[in-house]
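Here is how the chains run, residue by residue.
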Amino acid sequence: MIAHLRTYKVASGKMDSWLNVFESKLIPLMAEHGIKVESYWVNEDASEFISIRSYGATLVELEAKEAAFYGSEWWIANVDYVRSHLTGDREIKLIHAT
């Protein structure tokens, strides 16, 4: 399995709204495109959101699924709103199951 370990800095006071958008909109949209959210967490001071997304067995699958997700009508129409919850600071690590 190939996955991303993602850490986002969430804008002050926006964690509850971010979690609502993530759970109600982003998880279902990712699932439509074959991306599975394995788990997600919030750090102790509620300033960071950490998640693991899995894509399948190959980088080709990851790239195709992300292209479909980021090219979807909903994402294109709502990207600015979604990203308004985040500071822009993020870390994305490619990880592999062993």
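Before any of the text, the structure's been laid out above.
The shown structure was predicted, so the numbers you read here are calculated from the model rather than taken from an experiment.

Right, let's talk about the overall build of the protein for a bit. Check the secondary structure of the protein and you find 3 helices and 4 strands. For the protein, the sequential pattern of α-helices and β-strands runs β-α-β-β-α-α-β. A compact globule built from 98 residues would reach a C-alpha radius of gyration of about 13 Å, and the protein, at 13 Å, matches this within 12%. Considered along the principal axes of its C-alpha atoms, the protein spans approximately 35 × 35 × 20 Å. For the protein, the residues scored as buried account for 36% of the 98 residues in total. The contacts in the protein between residues at least 6 apart in sequence include a share of 69% that link residues at least 24 apart. On the protein, roughly 5800 Å² of surface is accessible, and the fraction owed to carbon and sulfur atoms is 53%. Each charge class in the protein was averaged separately, 10 positive and 14 negative side chains, and the resulting centres sit 2 Å apart.

Rules used throughout
- One numbering rule holds for all chains: residues counted from 1, following each sequence as written.
- Whole-chain, interface and lining totals are the exception, using all residues; otherwise, since this is a predicted model, local features are given only for residues with pLDDT of at least 70 and side-chain atom pairs are given and counted only at 80 or more.
- Only hydrogens and water are set aside; all other atoms, that is, all heavy atoms of the structure, feed into the side-chain values.
- Only runs of H or I of at least four residues qualify as helices and only runs of E of at least two qualify as strands under DSSP, and these elements are numbered from the N terminus.
- Taken over C-alpha atoms, the radius of gyration is set against a globule rule of 2.2 Å times the number of residues to the power 0.38.
- Here the term buried applies to any residue with accessible area under 20% of the maximum for its type, exposed to any over 50%, and partly exposed to those in between, with areas from a 1.4 Å probe on protein chains only.
- Should any heavy atoms of two residues lie within 4.5 Å, those residues are counted as being in contact.
- What sets the accessible areas is the Shrake-Rupley method with a 1.4 Å probe; for residues, cover comes only from the shown protein chains.
- Under the counting rule used here, the positive set is Lys and Arg, the negative set is Asp and Glu, and His together with the chain ends is not counted.
- A charged residue contributes its charge at one atom only: NZ of Lys, CZ of Arg, CG of Asp or CD of Glu.

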